[in-house]
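Summary of the model geometry
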Amino acid sequence: MKTVSSPWIEALPDPIRASLDPGPFTRCRIGLSGAEVWLSEAQALKIAPVSIESETERTALRWLQGRLPVPALLADARENGKDYLLTSRLDAVPAIDDALLDDPDRLLTFLSGALRALRSVKTDGCPLPDATGAKLRAARENVLRGLCEPDEALLTAYGFPSAASLLNWLERNRPPEEPVFTHGDCCLPNLFLDHGGSAWFLDLGRAGIADAYTDIALCLRSLRQNLAGVYGGKIRPTISEQVFFSALGLRPDEEKLRYYTLLDELL
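Residues numbered from 1 in each chain as written. Predicted model: local features only at pLDDT ≥ 70, side-chain atom pairs only at ≥ 80, totals over all residues. Heavy atoms only, no water.

Sheets are built from strands paired through backbone hydrogen bonds, the pairs being either parallel or antiparallel. Here we have 3 strands laid out as an open sheet, ordered β6-β8-β9, and antiparallel in their pairing. At either end of the open sheet lies a strand with only one pairing partner, and these are β6 (92-94) and β9 (199-201). Within this sheet the neighbouring strands show an average axis-to-axis angle of 35°, counted without direction. Across 3 bridges, β6 lies against strand β8 (residues 191-194) in antiparallel orientation. Paired with Pro 94 across the two strands is Phe 192, which belongs to β8. (Pairing = 2+ DSSP bridges. Helix = DSSP H or I, 4+ residues; strand = E, 2+ residues; numbered from the N terminus. Axes fitted to C-alpha atoms, helices over the stretch in contact; angles between N-to-C directions.)

Shown next as structure tokens:
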């Protein structure tokens, strides 16, 4: 963690500086998004290259106020090819917190509640009507520009010799969707539990209307990876898919689980 210097603050866009906490900010290096995130006691400042995802996050944060527990958007700006989003900081712990990962019953209760909360958002007037279509367009752009790094072992396991062949299959085999509001990147580091037991949601750059399985698939994958210590944590006992879906009150749809997991490999 690194304390923000005054010259760095002076270089920020005026709308951001006008709403910025006077207290010190520190750089947060948790996460895989590639954006810069700076934290004070009460605020979070996210700086990312201008992209469809950064615009989606801005749109989602505005629209979700009062509809879903997300940070308040305090100020935003676009300057010199970068998007700046200043939000309130959550007083909550991420789902990768050791205490949660060590308590599978509590963790599953939390995750199933978070997934149900997403599905319960009324989608009337949602300005993000086709999240899966947006992902497919982003995947095509990434493949054409050579920007994606899919898990080669996973592609091989499913019989795809290349990212381009996977893209072709994804575009031809999009499953019929039952539209609900989705987070779009529903991995454990983006889900937070507050002291009252409520779920909060961060990093909404892929949010929008899609099938609930886009969130279920990524949440299940993230759960498996974090319990397996993939990101450096300790190895914990696995949770079976049957137990996971029992907590959700659903039967697994293997076709959709496969589709949305593979689509994420190109993003």
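Right, picking up where we left off after that structure.
Relative orientation of the contacting elements helix α5 (residues 104-120) and helix α9 (residues 213-227) amounts to 160°, with a least axis distance of 11 Å. As the angle between them shows, α5 and α9 are arranged roughly antiparallel. Viewed along their axes, α5 and α9 form a crossing whose handedness is right-handed. Contacts between α5 and α9 involve Leu 107, Leu 108, Leu 111, Leu 115 and Leu 118 from the former and Asp 215, Ile 216, Cys 219 and Leu 223 from the latter. Taken together, the residues of the contact of α5 with α9 sort by class into 8 nonpolar, no polar and 1 charged. (Parallel < 35°, antiparallel > 145°, perpendicular 65-115°, else oblique. Left-handed = near helix turned anticlockwise from the far one by under 90°. Contact = heavy atoms within 4.5 Å. Nonpolar A, V, L, I, M, F, W, Y, C, P; charged D, E, K, R; others polar.)

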